[in-house]
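So the chains spell out like this:
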Amino acid sequence: MLGCAVALEIARRGMPVEVLERAIVGAEASSAAAGILAPRMEAHGREPLRSIGVESLALYPEWVAGLGADVGLTRTGLLKVVRPGDAPDAPDVEARWLDADAVRFVEPGLAPDVLGAWLLENEATLDPRKLVPAVHAAAQAAGARFRVGEEVASADPGGVTLVNGERVEGRVVVCAGAWTAKVPGLRPLPVRPVRGQLVALSGERIRHVLFGAGGYLVPRADGRVIAGATVEEVGFSRGVTAGGVRAVLQTAVSMVPDLASANFEGAWSGFRPGTPDNLPVLGDVGGIWVASGHYRNGILLAPLTAKWMAAAVVDGARLPPVFSPARF
Ligand code: GLY
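These numbers were taken from a predicted model, which means no experiment stands behind them. (Residues numbered from 1 in each chain as written. Predicted model: local features only at pLDDT ≥ 70, side-chain atom pairs only at ≥ 80, totals over all residues. Heavy atoms only, no water.)

Student: How should the site of the ligand be read in this particular structure?
Tutor: Near the ligand, the surroundings consist of Glu42, Tyr216, Ala229, Arg272 and Arg296. When the free accessible area of the ligand is taken as 200 Å², the share hidden by the protein chains comes to 89%. Here the shell around the ligand is composed, by residue class, of 2 nonpolar, no polar and 3 charged. (Near = heavy atom within 4 Å. Areas by Shrake-Rupley, 256 points an atom, 1.4 Å probe, with all protein chains shown as cover. Nonpolar A, V, L, I, M, F, W, Y, C, P; charged D, E, K, R; others polar.)

Okay, here's the thing in structure tokens:
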């Protein structure tokens with residue numbers, strides 16, 4: 001999806017864009033994501049992750065309006081639930097403490113042992129499975145040409161050579177997510193896959209995004225609850241495991257006990273593109289542009305990343321040096 005977002009912003013600036021997609025557009029991390037837009041929770045006060053997340057979240061309403069599609073963007077707010085044995089610290093300076101009675105008033109299904117929760121009222125959600133096709137369609141409408149089933153044999157500063165021998169000339173922007181280190185011709189960057197398994201449940205509703213010690217629950221506009229997620233260093237090993245689903249469901253049911261009677265709608269996994277410092281990689285690597293390494297925040301950071309990358313690629317704007325690939 002990040003590739004679609006970057007293509008959209010470059011096309012809007014009037015530069016011709018071809019997107020070379022090996023398989024299916026947006027089929028990997030973006031489609032697997034839970035769709036949490038929670039910079040204050042995910043950053044836990046760490047900069048610059050917090051500020052870029054807050055900045056990107058602020059871009060979302062206008063960015064989504066420009067897509068002309070309903071992607072389920074909703075300011076649900078987020079509760080960081082505190083139970084016996086959990087660290088009681090606030091996740092962020094903006095978090096407001098709700099005691100047990102107050103939190104049960106706003107989120108009635110929480111477990112009886114919940115001591116209270118930190119409320120982050122500006123955190124939001126969307127449905128990535130609606131966002132991905134919307135960004136894809138908007139990029140096409142803006143003039144980007146998508147070529148699916150095209151594998152790159154080698155990338156260089158002047159273009160790429162495809163496996164079929166075809167040469168495609170132009171500036172190259174690699175948006176290969178967890179596969180970034182495998183792009184031939186690109187200096188290998190320390191971007192690695194971090195598997196996340198998720199479960200979809202229906203029949204029981206929640207109102208907020210709920211974070212507990214072992215995972216999270218996300219309400220969808222259609223009433224489903226997405227429960228996630230494992231954080232696994234298993235390379236590119238695909239699939240869902242009994243242990244992964246058990247861990248996700250255990251966290252879900254212990255946080256909201258009525259979820260035990262919810263319908264199990266399915267489980268899936270995806271690969272987050274992790275980096276050693278958990279920050280994105282945005283910049284030039286020997287003449288090849290890279291936008292990758294967004295780890296847990298790819299959907300959140302898409303509008304800002306696309307804006308920055310388009311400005312850099314089309315107009316030569318300077319990217320924030322803190323995200324430079326040169327740090328590796
Ligand atoms: N952003 C949530 C996750 O990566 O699991």
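Student: Before we go on, may I ask you to explain the packing of aromatic side chains in this structure?
Tutor: For any pair of aromatic rings, the description consists of the separation of the ring centres together with the inter-plane angle of the planes. Per the counting criterion, the structure on display carries 7 aromatic pairs. On the basis of an interplanar angle of 80° and a centroid distance of 5.8 Å, the ring pair of Trp179 and Phe271 is categorised as edge-to-face. Placement of the pair is Trp179 in the loop between strand 11 (173-174) and strand 12 (192-202) and Phe271 in strand 16 (residues 263-274), with a sequence separation of 92 residues. An identical accessibility class is assigned to Trp179 and Phe271; each is buried. Joined through ring pairs, the aromatic side chains of Trp179, Phe236 and Phe271 make up one cluster. Above the plane of the ring of Trp179 lies Arg22, whose end atom (NZ or CZ) is 5.2 Å from the centre. Above the plane of the ring of Trp268 lies Arg129, whose end atom (NZ or CZ) is 4.5 Å from the centre. (Phe/Tyr/Trp six-rings, centres within 6.5 Å; stacked < 30°, edge-to-face > 60°. Helix = DSSP H or I, 4+ residues; strand = E, 2+ residues; numbered from the N terminus. Buried < 20%, exposed > 50% of the residue type's maximum accessible area, 1.4 Å probe, protein only. Lys NZ or Arg CZ within 6 Å of the ring centre and 35° of its normal.)

Student: Hey, could you run me through helix 6 (residues 128-141) in this one?
Tutor: Along an α-helix, a turn takes 3.6 residues, which lines up residues three or four apart on a common side. End to end, helix 6 covers 20 Å across 14 residues, agreeing with the expected 20 Å (1.5 Å per residue, within 8%). For helix 6, the complete set of buried residues consists of Pro128, Leu131, Val132, Ala134, Val135, His136, Ala138 and Ala139. Residues of helix 6 that are buried make contact with helix 1 (2-12), helix 2 (29-32), helix 4 (49-67), strand 7 (145-148) and helix 8 (298-315). The opening residue of helix 6, the one whose side-chain oxygen lies 2.9 Å from the backbone nitrogen of Arg129, is Asp127. Immediately beyond the C-terminal end of helix 6, within one or two residues, lies Gly143, with a positive phi of roughly 115°. (Expected span 1.5 Å × (residues − 1). Contact = heavy atoms within 4.5 Å. Polar contact = N/O pair within 3.5 Å; in protein donor to acceptor, adjacent residues only side chain to side chain.)

Student: Any chance you could explain the environment of Leu120 here in plain terms?
Tutor: Secondary-structure assignment places Leu120 in strand 5 (residues 116-120). Of the residues examined, Leu120 reaches a relative accessible area of 1% and is grouped as buried. Spatially, the C-alpha atoms of Leu120 and Val160 are 44 Å apart, while their sequence positions differ by 40 residues. With residues up to four places along the chain from it excluded, the contact list for Leu120 reads Arg40, Met41, Gly77, Leu78, Pro91, Asp92, Glu94 and Ala95.

Student: Can you walk me through the sheet that holds strand 5 in this structure?
Tutor: Two pairing modes exist for strands in a sheet, parallel and antiparallel, and in both the strands are linked by backbone hydrogen bonds. As summarised here, the arrangement of the 8 strands in space is 4-5-3-13-14-15-12-16, forming an open sheet in which the pairing is mixed. Bordering the open sheet on either side are strand 4 (96-99) and strand 16, each of which pairs with just one other strand. Strand-to-strand, the axes of this sheet are offset by a mean angle of 25°, without reference to chain direction. Where strand 14 (residues 216-219) meets strand 15 (residues 225-228), 4 bridges bridge the pair, whose relative direction is antiparallel. Bridged to Pro219 within strand 15 is Val225. Those strands touched by helix 7 (residues 242-255) are strand 3 (78-82), strand 12, strand 13 (209-211), strand 14, strand 15 and strand 16, and its axis lies near 50° from that of strand 12. (Pairing = 2+ DSSP bridges. Axes fitted to C-alpha atoms, helices over the stretch in contact; angles between N-to-C directions.)

Student: Would you take a moment to explain the sheet that holds strand 18 (residues 288-292) for this structure?
Tutor: Taken in spatial order, the 3 strands make up an open sheet running 11-18-17, and their pairing is mixed. Looking at which strands have only one partner, the edges of the open sheet turn out to be strand 11 and strand 17 (281-285). Summarising the sheet, strand 11 and strand 18 pair through 2 bridges and their orientation is parallel. Directly across from Val173, in strand 18, lies its bridge partner Trp289. The sheet contacts of helix 8 involve strand 11, strand 17 and strand 18, and relative to strand 18 the element is tilted by about 175°.

Student: What is the right way to read the pairing of strand 12 from this model?
Tutor: Regular strands show a simple pattern: their side chains alternate between the two faces of the sheet. Burial runs high along strand 12: 10 of the 11 residues are buried. Where strand 12 meets strand 16, 11 bridges bridge the pair, whose relative direction is antiparallel. Each residue of the ladder has a partner; that of Gly196, found in strand 16, is Gly270. Across 3 bridges, strand 12 lies against strand 15 in antiparallel orientation. Within the sheet, the bridge partner assigned to Leu201 lies in strand 15 and is Val225.

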